[in-house]
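Topology and contacts: notes
Each chain, letter by letter, is given below.
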Amino acid sequence: MTDKAQHRRRVGSVRPSHLMFTGGVGALVDLPNFAVLVRGIDDWHYDSFEWADLKEPRLLRAVNGLIADPYGPQVTQLRPAPWMDGTDSDPGGPAAKVGVPVLPFPQWLRCTACNDLGALDSKIFKFENTKPRRPDQARFFHESCTAKRKGKRPLAVAARFVLVCPAGHLDDFPYASFVHRGGPCTEVSHPRLQMLDHGGNQAANVKVKCVNCGKDRNIRDAMGQRGEITLPRCRGRHPHLSTFDPAGCKLRPKPLVIGASNQWFAQTLSVLAVPPTSGSALQGKVEQLWEHLRKAVLPEILDALWDLPQFKPLHQWTQAEVFEAISAHRASVDDAAAPKEAAAYPDLHSPEWEIFTSPQLPEPSEDFALNSVAVPPALSGAFSHIVQADRLREVRALIGFTRLDAPDPEDPTLVARAPLSRSRTPAWVPATEVRGEGIFLRVSEELVADWEQRVAGSAALAAHRDAYVEFRRNRYSGRVQDTDDPLRGWPGARYIALHTLSHLLIRAISLECGYSSASLSERIYAGRDGDRRTGILIYTAVPDAEGTLGGLVALAEPERFTRIVRRALRDAERCSSDPLCADRLPRPPHEDFLHGAACHVCLFVSETTCERGNRFLDRRFIVPVGNPDLVLLPDLK
């Protein structure tokens, strides 16, 4: 078995959703015996098996709006991860060579027997992966180690530290330079190093020693603001692309443990595959014919062009409707070309809201099927519209990633986005699709509007607002300069109420529908600045729960849904962490968390379930756990 053949074998497996949330392009994935880095999409190969890209035009337009050059190449495909069935039955067959490519990283290893520390290119460590059915046993070992244990070649594990910078670069820790304080070893040109790791997650427990000259240094000297100035400038390295940034990098890197949660944050876009509404269908036709329609700056010009063959698809609408759509598209084009103070994510929720709240539901399809349900009389004051989503299809695309700081949910350019490929605009981006079911709830607009007026001047809402200002000021730890309005991106009181209600329902639903709460997801439709949206979609959106088993949509039936809502509200009134939970309010500057009366006992759900990472939650706005004037649903028992 040649080394090349071993390197082409599987070393592990992850779920498709893993590539979207925690282990996508550029991320470190911790395997049983070593860590790997997911390569850029230039190295993903699709030529040895049959595959089909994911068709979702609305998402593709949104991706191009964020990462493509408006006047250059465009992203043309949404591709699933390369995969081929057959590894279980024939682990040495063609399917075993199809997958997402990775490389060992960090590329410094430590022998677990003698503590020798060295880079992969030093040739002191060897790789073995001889059991196709046991990729978990793939490992590096120290071949020449004199401290062999029971005759077995000792395992070599990844050295624990890497360098990361706010621009998204990643590099190996400079152990040789670090232990010699920036200079060379006085004894040899290629010194032998050891890492003395005494366990734990503290840098104070790790010491690097040069065997040749005897110098040693504790890793704690590289930690913190004072320690970081001892490190070299960032080299602009993108190991997932095998490149260095041609523009260089002037930032100071930060040392991280390889398992640190802030070494990689996904930047994704997600849409539901909804059929076009009448308005969006017209807008789509205008976009297709824009090269011909851009000259129609007056209704008279459109009238002169109306009978041309290429305009026949527009005849299902009136000329007045078409000209209005032309004017709207012209305004959007001009707006896109104009310089902006801050970028914004595309609006992906509006078409979904229009479909869910339309008086006439669309015809069922393979990807989307809705069924309107009567609102139970006992809940008529709270909900104005309930829809069963018998079939849903969600498509999610990875457009990039950030390091150290998570992407801002309102401004996609505030945190530096690292690229997925070596080209400025890739021809495709990774994507996943999930089919499931859901329940859409439209909360009474009058109820929410009245509640917003009641809580507008409350101390509780003021505490949430002040905490958001403090959070925005502190969240980037000085690595990102944000001088904008401190309340920019504040979701508002309406969002907090709807989001809290959503979590309460998810927790109650999971006890009855057969899906765990981690198998459910939410989409909150909360309007701002005059937009009166007040909707919640709870749906299945993980591969393990794929399909339409009916257990979720069945709960929308009047009798069962009434019971679930009442149970959710009843459970919210008591928390085993009370009175600490019930009295909790964010109090900046000492407490800049973004939730009030909420905790893991009563409101928090899985990170993949919540669209805001368990922030903007407070059950005092839904049930009477304090001031009854703050309650959105006081009459439901």
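Predicted, not measured: the structure shown is a model, and the values here were computed from it.

This part covers the overall build of the chain. Looking only at helices and strands, the chain features 14 helices and 23 strands. Contacts spanning at least 24 positions in sequence make up 70% of the contacts within the chain whose residues lie at least 6 apart. A total of about 30,100 Å² of accessible surface is found on the chain, and carbon and sulfur atoms cover 50% of it.

Right, let's get into the sheet that holds strand 17 (residues 254–257). On the basis of which strands lie adjacent, the open sheet formed by three strands has the order 11-10-17 and antiparallel pairing. The open sheet has two edge strands with one neighbour each: strand 11 (170–172) and strand 17. Here the average twist between neighbouring strands, direction ignored, is 40°. Where strand 10 (residues 161–164) meets strand 17, four bridges bridge the pair, whose relative direction is antiparallel. By the bridge assignment, V164 is partnered in strand 17 with K254.

Take the pattern of salt bridges next. Applying the stated criterion across every chain yields a total of 30 salt bridges. E445 serves as the salt-bridge partner of R532, at 3.3 Å between the closest nitrogen and oxygen. Here R532 is found in the loop between strand 22 (520–526) and strand 23 (534–540), whereas its partner E445 is found in helix 11 (residues 445–455), with 87 residues between them in sequence. Its relative accessible area of 16% is what places E445 among the buried residues. When salt bridges that share partners are traced, they join E56, D367, R393, E433 and R435 into one network.

Across the sheet, eight strands lie side by side as 7-8-9-5-6-12-13-14; this open sheet has antiparallel pairing. Among the strands making up the open sheet, the edge pair consists of strand 7 (125–128) and strand 14 (216–218). The sheet shows a mean angle of 35° between the axes of neighbouring strands, taken without regard to direction. In this sheet, strand 9 (residues 155–158) lies alongside strand 5 (residues 108–111) in antiparallel orientation, the contact comprising three bridges. Residue pairing in the sheet places R110 in a bridge with V157 of strand 9.

Using the criterion set out here, one finds zero disulfides in the structure. Free of any disulfide, C599 has its nearest cysteine sulfur in C575, 3.5 Å distant. Among the residues examined, C599 registers a relative accessible area of 8% and is labelled buried.

It is worth spelling out the nonpolar core at this point. Core analysis: the largest hydrophobic core is formed by 67 residues, its most contacted members being F383, L501, L505, I509, I622, L632 and L633. Ignoring any residue separated from it by four or fewer positions in sequence, one finds L633 in contact with A382, L447, L501, L569 and I622. Among the nonpolar cores identified, the runner-up in size contains 60 residues, and V11, F127, V164 and I258 belong to it.

This part covers the packing of aromatic side chains. According to the stated counting rule, one finds 24 aromatic pairs in the structure shown. A network of ring pairs unites the aromatic residues W44, Y46, F49, W51 and W428 as a single cluster. Over the ring of F141 we find R153; its NZ or CZ atom is 4.0 Å from the centre of that ring. One cation-aromatic arrangement involves R217 over F178; the distance from NZ or CZ to the ring centre is 4.4 Å.

Another point: the packing of helix 11 against helix 13 (residues 493–510). Look at helix 11 against helix 13: their axes get within 10 Å of each other, and the N-to-C directions meet at 120°. As far as their axial angle goes, helix 13 and helix 11 are oblique. Crossing geometry of helix 11 relative to helix 13 is assigned as right-handed. Here helix 11 contributes V448, W451, E452 and V455 to the contact with helix 13, which in turn contributes A493, R494 and A497. Classifying every residue of the contact of helix 11 with helix 13 by side-chain character gives five nonpolar, no polar and two charged.

Attention now moves to a nonpolar patch on the surface. On the surface, V297, L298 and I301 cluster together into a nonpolar patch covering about 230 Å² of accessible area. In this structure, L298 sits in the loop between helix 7 (290–293) and helix 8 (299–305). Its relative accessible area of 45% is what places L298 among the partly exposed residues.

Our next topic: helix 13. Taking 1.5 Å per residue, 18 residues should reach 26 Å; helix 13 reaches 26 Å between its end C-alpha atoms and fits that length. Summarising burial for helix 13: 17 of the 18 residues are buried, a large majority.

Before going further, it helps to examine the environment of W83. Along the chain, W83 turns up in the loop between strand 3 (77–79) and strand 4 (102–104). Given a relative accessible area of 58%, W83 falls into the exposed group. Put simply, W83 and A96 are 13 residues apart on the chain and 9.1 Å apart in space, counted from C-alpha to C-alpha. W83 has contacts with F49 and V98, leaving out every residue within four places of it along the chain.

Residue alternation in strand 5 divides its side chains into two sets, W108 and R110 and L109 and C111, and both sets are buried. By the bridge criterion, three bridges tie strand 5 to strand 6 (residues 116–119) in an arrangement that is antiparallel. Across the sheet, residue L109 finds its bridge partner in strand 6, namely G118. In this antiparallel pair of consecutive strands, strand 5 and strand 6, the connection spans four residues, and N115 shows a positive phi of 70°.

The next point concerns unusual backbone geometry. In this model, F105 is joined to P106 through a cis peptide bond whose omega is 0°. Along the chain, the position of P106 falls in the loop between strand 4 and strand 5. Here R181, not a glycine, exhibits a phi torsion of approximately 55°, which is positive. Within the element layout of this structure, R181 appears in the loop between helix 4 (175–179) and strand 12 (193–197). Owing to a relative accessible area of 53%, R181 belongs among the exposed residues under this scheme. Phi angles above zero are rare outside glycine, and F616 is one such case at about 60°. The topology assignment puts F616 in the segment after helix 14 (558–572). For F616, a relative accessible area of 4% translates into the label buried.

Moving on: the side chain of R620. Mapped onto the elements, R620 comes out in the segment after helix 14. In this structure the side chain of R620 is engaged in a polar contact, spanning 2.8 Å, whose partner is the backbone oxygen of A582. A distance of 3.0 Å separates a polar atom in the side chain of R620 from the backbone oxygen of R584. What R620 contacts, discounting residues up to four positions off in sequence, is A460, A582, D583, R584, L585, G596, A597, V625, L630 and V631.

Rules of the game
Residues numbered from 1 in each chain as written. Predicted model: local features only at pLDDT ≥ 70, side-chain atom pairs only at ≥ 80, totals over all residues. Heavy atoms only, no water. Helix = DSSP H or I, 4+ residues; strand = E, 2+ residues; numbered from the N terminus. Contact = heavy atoms within 4.5 Å. Areas by Shrake-Rupley, 256 points an atom, 1.4 Å probe, with all protein chains shown as cover. Pairing = 2+ DSSP bridges. Axes fitted to C-alpha atoms, helices over the stretch in contact; angles between N-to-C directions. Salt bridge = Lys/Arg side-chain N within 4 Å of Asp/Glu carboxyl O. Buried < 20%, exposed > 50% of the residue type's maximum accessible area, 1.4 Å probe, protein only. Disulfide = S-S within 2.5 Å. Core = buried A, V, L, I, M, F, W, Y, C linked by side-chain atoms within 4.5 Å. Phe/Tyr/Trp six-rings, centres within 6.5 Å; stacked < 30°, edge-to-face > 60°. Lys NZ or Arg CZ within 6 Å of the ring centre and 35° of its normal. Parallel < 35°, antiparallel > 145°, perpendicular 65-115°, else oblique. Left-handed = near helix turned anticlockwise from the far one by under 90°. Nonpolar A, V, L, I, M, F, W, Y, C, P; charged D, E, K, R; others polar. Patch = residues over 30% accessible without salt bridge, like charges linked within 9 Å, V, L, I, M, F, W, Y side chains within 5 Å. Expected span 1.5 Å × (residues − 1). Polar contact = N/O pair within 3.5 Å; in protein donor to acceptor, adjacent residues only side chain to side chain.

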